[in-house]
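Architecture at a glance
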Amino acid sequence: MKGSRVAGLLLAAGQGARLGTPKALVEYEGERLVDRGVRLLEEGGCHPVVVVLGAATVQVRRAVTVRNPDWPTGMGSSLRVGLAALPEEAESVVIALVDQPFIRPEAVRALIAGQAEVAVATYGGRRRNPVLIARRHFGAVAALAVGDVGARPFLKAHPELVTEVPCDGLGDPADIDTPGDLSLLETSRSET
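Report on the accompanying structure. Small disclaimer: the values here were computed from a predicted structure and weren't measured. Residue numbers restart at each chain and count upward from 1, following the sequence in its written direction. Where totals are concerned, whole chains, interfaces and linings use all residues; where local detail is concerned, this predicted model gives features only for residues with pLDDT of at least 70, and gives and counts side-chain atom pairs only at 80 or more. Heavy atoms throughout the structure, all of them, feed into the side-chain values; hydrogens and water do not.

Here the focus is the packing of aromatic side chains. Pairing of aromatic rings covers Phe, Tyr and Trp, the last counted by its six-membered ring, and requires centre-to-centre distances within 6.5 Å; plane angles under 30 degrees mean stacked, over 60 mean edge-to-face, and any other angle means tilted. Within this structure, the stated rule accounts for one aromatic pair. Ring geometry for Tyr 28 against Phe 102: centres 5.5 Å apart, planes inclined by 85°, an arrangement best described as edge-to-face. Of this pair, Tyr 28 sits in strand β2 (residues 27-28) while Phe 102 sits in the loop between β6 (92-97) and α3 (105-113), placing them 74 residues apart in sequence. Note on exposure labels: buried denotes an accessible area under 20% of the residue type's maximum, exposed denotes more than 50%, and partly exposed covers the range between, all computed with a 1.4 Å probe on protein chains only. Look at Tyr 28 and you get buried, because its relative accessible area is 5%. Classification of Phe 102 by relative accessible area gives partly exposed; the value is 23%. Going along the chain from the N terminus, every DSSP run of H or I of four or more residues is numbered as a helix, and every run of E of two or more is numbered as a strand.

Take a look at the structure:
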C-alpha cells in the first residue's frame, strides 16, 4: 500500500431520528459535523473526500457529494453508494461517520501509515471507526453492507485480513445519537 492514493468517505446521509435533526447539520464549535468530518479525512491524508448525503441536502466545500436515494434503508446503502462514487485512482479508502466529532486526524494517519489492506481503529481494545479498506475488497464490503450496517459484516467474515490499529489518545470515538448526547456535546463546548 506504500505510495497508494487513499480517498476519504464520510457517511452523512441519516436523518438523525433519535436526535431530531440530520447529524450532518449539527454544529460543534461553529462547524457543522459534515464539515468537521471532511476536515478529519483531509487532514488525515485522504484525497479526494466523498460525502454521502441523503436526509439533508447541503453544500459541502472541499468534498465531492453524492446523494443516496435509499438512505432510509440504513448505512449499508450509503456505504455502497459511496464506494461506487470513489475515483478509479483511489487504491483504498478511509471510511468515517459524520456523528463522531471527537476523532482526530492522527487516527486517520495511523490507519494509512500501517499500509494494511484492511485496518480498523481500536480504542480501549474495541473496534470502532474509522476503517480503511483496499479497493480490491470494495465489492465484498458492498455485498455485505445491508440494512443499518456498514463494513462490520465484512470485518467479521474476514478476520485474517484485518489489522487493528490502536488509536487510544488519538481522539474519542463517542457518537452523537440522541438529544442527551448533543447536550453532552454542548456541555463539553462550554467547559473548554
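There's plenty left to go through after this.
A few words on the packing of helix α1 (residues 33-43) against α3. Between α1 and α3, the least distance of the axes is 7 Å, while the angle of their chain directions is 40°. Compared by their axis directions, α1 and α3 come out oblique. Where α1 crosses over α3, the handedness of that crossing is right-handed. Residues Leu 40, Leu 41 and Glu 43 of α1 touch α3, and the partners they reach there are Pro 105, Val 108 and Arg 109. Looking at the contact of α1 with α3 residue by residue, the classes come out as four nonpolar, no polar and two charged. Working convention: axes come from line fits to C-alpha atoms, limited for helices to the stretch in contact. Angles between N-to-C directions cover 0 to 180 degrees. Roughly parallel means an angle under 35 degrees; roughly antiparallel, over 145; roughly perpendicular, 65 to 115; everything else is oblique. Should the near helix be turned anticlockwise from the far one by less than a right angle, the crossing is left-handed, and should it be turned clockwise, the crossing is right-handed. Whether two residues are in contact is decided by their heavy atoms, any of which lying within 4.5 Å being enough. Any residue outside Ala, Val, Leu, Ile, Met, Phe, Trp, Tyr, Cys, Pro, Asp, Glu, Lys and Arg is labelled polar, Gly included; the first ten of those are nonpolar and the last four are charged.

Most peptide bonds are trans, and most residues other than glycine sit at a negative phi. Cis geometry marks the peptide bond from His 47 to Pro 48, where omega comes out at -5°. Here the residue pair Asn 129 and Pro 130 is connected by a cis peptide bond, since its omega of 0° sits within 30 degrees of zero. Considering the arrangement of structural elements, one finds Pro 130 in strand β8 (residues 126-134). Despite not being glycine, Glu 29 has its phi angle at roughly 55°, a positive value. Residue placement: Glu 29 occurs in the loop between β2 and β3 (31-32). Taking relative accessible area as the criterion, Glu 29 reaches 44% and is therefore assigned partly exposed.

Take the environment of Val 34 next. Within the secondary structure, Val 34 sits in helix α1. Classification of Val 34 by relative accessible area gives buried; the value is 0%. C-alpha separation for the pair Val 34 and Asp 99, spaced 65 residues apart in sequence, amounts to 8.4 Å.

Turning to the environment of Val 162, a few remarks are in order. Secondary-structure assignment places Val 162 in strand β9 (residues 162-166). For Val 162, a relative accessible area of 14% puts it in the buried group. Sequence separation of Val 162 and Val 120 is 42 residues, and the distance between their C-alpha atoms is 7.1 Å. Dropping the residues within four chain positions of it, Val 162 is found in contact with Val 118, Val 120, Arg 127 and Leu 155.

Both β6 and β8 contribute to a ladder of four bridges, which runs antiparallel. Of the residues in β8, the one forming a bridge with Ser 92 is Ala 134. Sheet analysis places strand β7 (residues 118-123) next to β8, joined by five bridges and oriented antiparallel. Note on β8: the bridge partner recorded for Tyr 123 is Arg 126. Linking β7 to β8, which pair antiparallel, is a turn of two residues; within it Gly 124 sits at a positive phi near 60°. Here a strand pair is declared whenever DSSP counts at least two bridges between the two strands.

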